[in-house]
Amino acid sequence: MPDHNIPDAVLPAGLTSPPEIPWPEGLTRIPYWVFQRDDVAAHEQTRVFRGDTWNYLCLEAEIREPGDYRATTLGGVPILAVRDHDGEIYAFENRCVHRGALIALEDFGKTREFTCVYHAWSYDLQGNLKGVAFKDGINGQGGMPECFRMAEHSPRKLRTAVVHGLVFASASDTVAPVEEYLGEDILDRIGRVLGGREVEVIGRFTQELPNNWKLYVENVRDSYHASLLHLFFTTFELNKLNMKGGLIVSESGGNHVSYSAIDREAEAKAKAANDYAAQNIRSESDYRLKDPSVLEGQDEFGDGVTLQILSVFPGFVLQQIQNALAIRQVVPRGVGRTDLHWTYIGFKDDTPELRTMRLKQGNLVGPAGYVSMEDGCVGGFVQRGVVGASDRHAVLEMGGTDARSTRTRATEASVRGFWKAYRQHTGL
Amino acid sequence: MQITDIMAVQARYARCIDTDRIEAWPEFFTESCLYRITTAENHRLGYAAGIIWADSRGMLEDRVAALREANIYERHAYRHVLGLPLLEEEGPEGVRSETPFLVARIMRDGATDLFATGRYLDLWRADETGAPKLAERIVVCDSSRVDTLLALPL
């Protein structure tokens, strides 16, 4: 219930009661209430997921042929992505206009039309209502009124766009074209991994995270935590000094790329100096991998980049960790739960050796990943940690106060970028 | 190889994990082996990737070392409850069996959940002493979902 002592005008957009503390100026303070409130979650559905954003739905490779469909989600709203006979991809809400039941019950399949099981209303592959059972009644009795027009009823349709085999959709009529939304740098780096390739799905897993979705997407953009929380590479002395890296933050702040690459110059210098030992950071650990083949990946993109984590606002991630490639789709399931959908991919023309390497390096990622399992629980640590602290805030000052691209990964610039975009979309 | 031999090894395997003696877990496998955790959906679709994927005992030992020394997760334990193994005829590769399982996860605060159900698709080979070793264990989880993370092996 609104507090009638406070005029509505002072309430930030979407909130039904005053925030526990006002959101401080700038990008370096994040009030914890933003991870805790139902009104914020509802507001995000309209302003973020159904707002002026592009959201990943599925891979084009999953709906290759006319009639192929994939039941997916946009921020938790059930969506059907379908290939029609004109070759185009259409997306519409998986919800019958009659009484609201799901139209398709399978996760994917091939069909000529969709028929709701409840009362057999049917739809074409573009989501147009094409049939109403007993529309004219039976023996002149019952039926729909004369004035009922099927053309006036259809599930909400989404705009779709395909980017290097990734199907994005938007519920907004005013959102910028997807290329502009992504920005040139992000587009290039999606193309670097997926451009001109024929993708093959090699595995699909869903990880249920015990935290608000924003804690996960912050984590993805947080290049600062990588070597501190994920100790696998350090413990087994696999960190290389001769690596360079950086961070790209899009103009909007919402999209980012974090990467590291072999520094060929440093490598050549070290070799010239016969200084092999200097290539490895010494640590106090005595551990060595018994089977180091897990790290004998190939430089498949030919640029020495061993890690590229790319995110698109709000909930899309493209990951290249050596030869382990995956798409991650982040879906809120209420204030304190998130579904993380992993799609592990390879390419049709993978050699058997490369394919085996993808399977081996799959151990680095996913719910049991050597360098990612911690990300499954750390959001929960925050969600539980901030109980009772709605009037407090997180501090994001590593690497400064802005949200710009840098040559270092010891920064929270892309986390600040996320909040820049978030505040712009939500008005909070 | 008798069904009772396989049942005895499976009972020891479950106790090894449930009593936090995972250092001994790789010893249930042959030197060259396949251990993979997947889901019924991935299995049905023939997707080769795993939540865990290892093709050598060394990789299993590395997994244990990582869990002990590198990875960070809240303390927890499993309780495996195994069903009866269904043995297929012995082939040139060894003996194949299928065994259903339930695994409860007990978190450090006592919260207990049904973490996974599924079946083990096993390929057994006798070692030099005649004891069954796993040349292959495909852990096919019924659900496509994993709560929070999967640290300890199934």
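Anyway, here's the lowdown on the structure attached to this text.

A few words on the overall build of chain B. Along chain B, the regular secondary structure elements total three helices and eight strands. In sequence order, the secondary structure elements of chain B are arranged as α-β-α-β-α-β-β-β-β-β-β. Expected size for 154 residues packed as a compact globule is a radius of gyration near 15 Å; at 15 Å, chain B falls within 12% of this value. The principal-axis extent of the C-alpha atoms belonging to chain B is close to 45 × 30 × 25 Å. Scored against the burial criterion, the 154 residues of chain B give a buried share of 52%. Counted over contacts in chain B with a minimum sequence separation of 6, partners at least 24 positions apart contribute 58%. Split by element, the accessible area of chain B, about 6,800 Å² in all, is 51% carbon and sulfur. Each charge class in chain B was averaged separately, 18 positive and 25 negative side chains, and the resulting centres sit 4 Å apart.

What follows is about the sheet that holds strand β5 (residues 89–93) of chain A. Residue and element names in this part refer to chain A. Taken in spatial order, the seven strands line up as β2-β11-β10-β5-β4-β3-β6 in an open sheet, and their pairing is antiparallel. Each edge of the sheet is formed by a strand with only one pairing partner; in this case those strands are β2 (55–59) and β6 (108–110). Adjacent strand axes in the sheet meet at a mean angle of 30° when their direction is disregarded. Bridge analysis of β2 against strand β11 (residues 166–170) gives four bridges, and the strand direction is antiparallel. The residue of β11 that forms the bridge with Y56 is F168.

Bringing the pairing of strand β13 (residues 243–249) of chain A into the picture now. Residue and element names in this part refer to chain A. Counting buried positions along β13 yields five of seven residues, so the element is predominantly enclosed. Across seven bridges, β13 lies against strand β14 (residues 256–262) in antiparallel orientation. By the bridge assignment, K244 is partnered in β14 with A261. Linking β13 back to β14 in an antiparallel pair, the connection comprises six residues, with G253 at a positive phi of about 90°.

The subject of this paragraph is the side chain of A:R355. All names here are of chain A. Locating R355 in the fold gives a position in helix α8 (residues 352–361). Within the structure, R355 has its side chain in polar contact with the side chain of D350 (distance 2.9 Å). The contacts of R355, once residues within four sequence positions are left out, are E200, I202, G346, F347 and D350.

A few words on the nonpolar core. Grouped burial of nonpolar side chains is what soluble globular proteins tend to show. Within the largest apolar cluster, 139 residues are counted, with the highest numbers of intra-cluster contacts made by A:W419, A:Y422, B:W25, B:Y35, B:L150 and B:L154. When residues of this core are assigned to their parent elements, the largest contribution, six residues, is made by helix α3 (residues 57–69) of chain B. Counting residues in hydrophobic clusters, the runner-up holds 16 residues, among them A:Y69, A:F114, A:L129 and A:F148.

As a further point, take unusual backbone geometry. All names here are of chain A. That bond from F313 to P314 is cis: its omega, 0°, falls within 30 degrees of zero. Looking at the element boundaries, P314 is found in the loop between β15 (305–312) and β16 (316–321). At F134, a position not held by glycine, the phi torsion is positive, near 55°. We note that Q322 has phi near 50°; this positive angle belongs to a residue other than glycine. On the basis of relative accessibility, which here comes to 18%, the residue Q322 falls in the buried class.

A few words now on the layout of surface pockets. All names here are of chain A. In this structure, the second largest pocket spans a volume of roughly 580 Å³. Lining the second largest pocket are 28 residues, and of these R70, A71, T72, D107 and H341 sit closest to its centre. Broken down by element, the residue count for the lining of the second largest pocket peaks at four residues, all from strand β3 (residues 68–74). Along the lines of polarity and charge, the residues of the lining of the second largest pocket split into 11 nonpolar, nine polar and eight charged.

Opposite the 41 residues of chain A that make contact, chain B presents 37 residues. In total, about 3,400 Å² of surface goes out of reach between chain A and chain B, with carbon and sulfur atoms giving 55% of it. Linking chain A to chain B there are seven salt bridges. A:R384 is the salt-bridge partner of B:E74, the closest N and O atoms lying 2.7 Å from each other. For the pair chain A and chain B, the interface holds 23 residue pairs in polar contact (both at pLDDT 80 or more). When contributions to the side of chain A that touches chain B are tallied by element, the ones reaching two or more residues are β12 (199–209), α6 (232–235), β18 (338–347), α8 and α9 (373–385) of chain A. When residues of the side of chain A that touches chain B are assigned to their parent elements, the largest contribution, nine residues, is made by β12(A). Classifying every residue of the side of chain A that touches chain B by side-chain character gives 21 nonpolar, nine polar and 11 charged.

Before going further, it helps to spend a moment on the pairing of β12(A). The element β12(A) is extensively covered by neighbouring structure, given that nine of its 11 residues are classed as buried. Across 10 bridges, the pairing between β12(A) and β18(A) is antiparallel. Its bridge partner being in β18(A), A:F205 is matched across the sheet by A:W342. In this structure, β12(A) lies alongside strand β8 (residues 145–147) of chain B, joined through three bridges in parallel fashion. Bridging from a neighbouring strand, A:T206 pairs with B:R145 of β8(B).

Another aspect to go through is the packing of aromatic side chains. Residues and elements named next belong to chain A. According to the stated counting rule, one finds 29 aromatic pairs over all chains in the structure shown. Between the aromatic rings of Y56 and F168, the centroid separation amounts to 6.2 Å while the plane-to-plane angle is 75°, which identifies the pairing as edge-to-face. One end of the pair, Y56, is in strand β2; the other, F168, is in strand β11, and 112 residues separate them in sequence. There is no split in this pair, since Y56 and F168 are both buried. Taken together, a centroid distance of 5.2 Å and an interplanar angle of 70° make the contact between F205 and Y344 edge-to-face. Taken as a pair, F205 in strand β12 and Y344 in strand β18 lie far apart in primary sequence, 139 residues in all. On the basis of relative accessibility, which here comes to 1%, the residue F205 falls in the buried class. Residue Y344 is classed as buried on the basis of its relative accessible area, which comes to 4%.

Conventions and cut-offs
Residues numbered from 1 in each chain as written. Chains lettered and ligands numbered in written order. Predicted model: local features only at pLDDT ≥ 70, side-chain atom pairs only at ≥ 80, totals over all residues. Heavy atoms only, no water. Helix = DSSP H or I, 4+ residues; strand = E, 2+ residues; numbered from the N terminus. Rg over C-alpha atoms; globule rule 2.2 N^0.38 Å. Buried < 20%, exposed > 50% of the residue type's maximum accessible area, 1.4 Å probe, protein only. Contact = heavy atoms within 4.5 Å. Areas by Shrake-Rupley, 256 points an atom, 1.4 Å probe, with all protein chains shown as cover. Lys, Arg positive; Asp, Glu negative; His and termini not counted. Charge placed at Lys NZ, Arg CZ, Asp CG, Glu CD. Pairing = 2+ DSSP bridges. Axes fitted to C-alpha atoms, helices over the stretch in contact; angles between N-to-C directions. Polar contact = N/O pair within 3.5 Å; in protein donor to acceptor, adjacent residues only side chain to side chain. Core = buried A, V, L, I, M, F, W, Y, C linked by side-chain atoms within 4.5 Å. 1 Å grid on protein atoms, 1.4 Å probe; cavity = no way out; pocket = protein on both sides within 12 Å on 5 of 7 lines; lining within 4 Å. Points joined across faces, edges and corners; volume = space filled by probe spheres on them. Nonpolar A, V, L, I, M, F, W, Y, C, P; charged D, E, K, R; others polar. Buried area = accessible area lost by both parts, 1.4 Å probe. Salt bridge = Lys/Arg side-chain N within 4 Å of Asp/Glu carboxyl O. Phe/Tyr/Trp six-rings, centres within 6.5 Å; stacked < 30°, edge-to-face > 60°.

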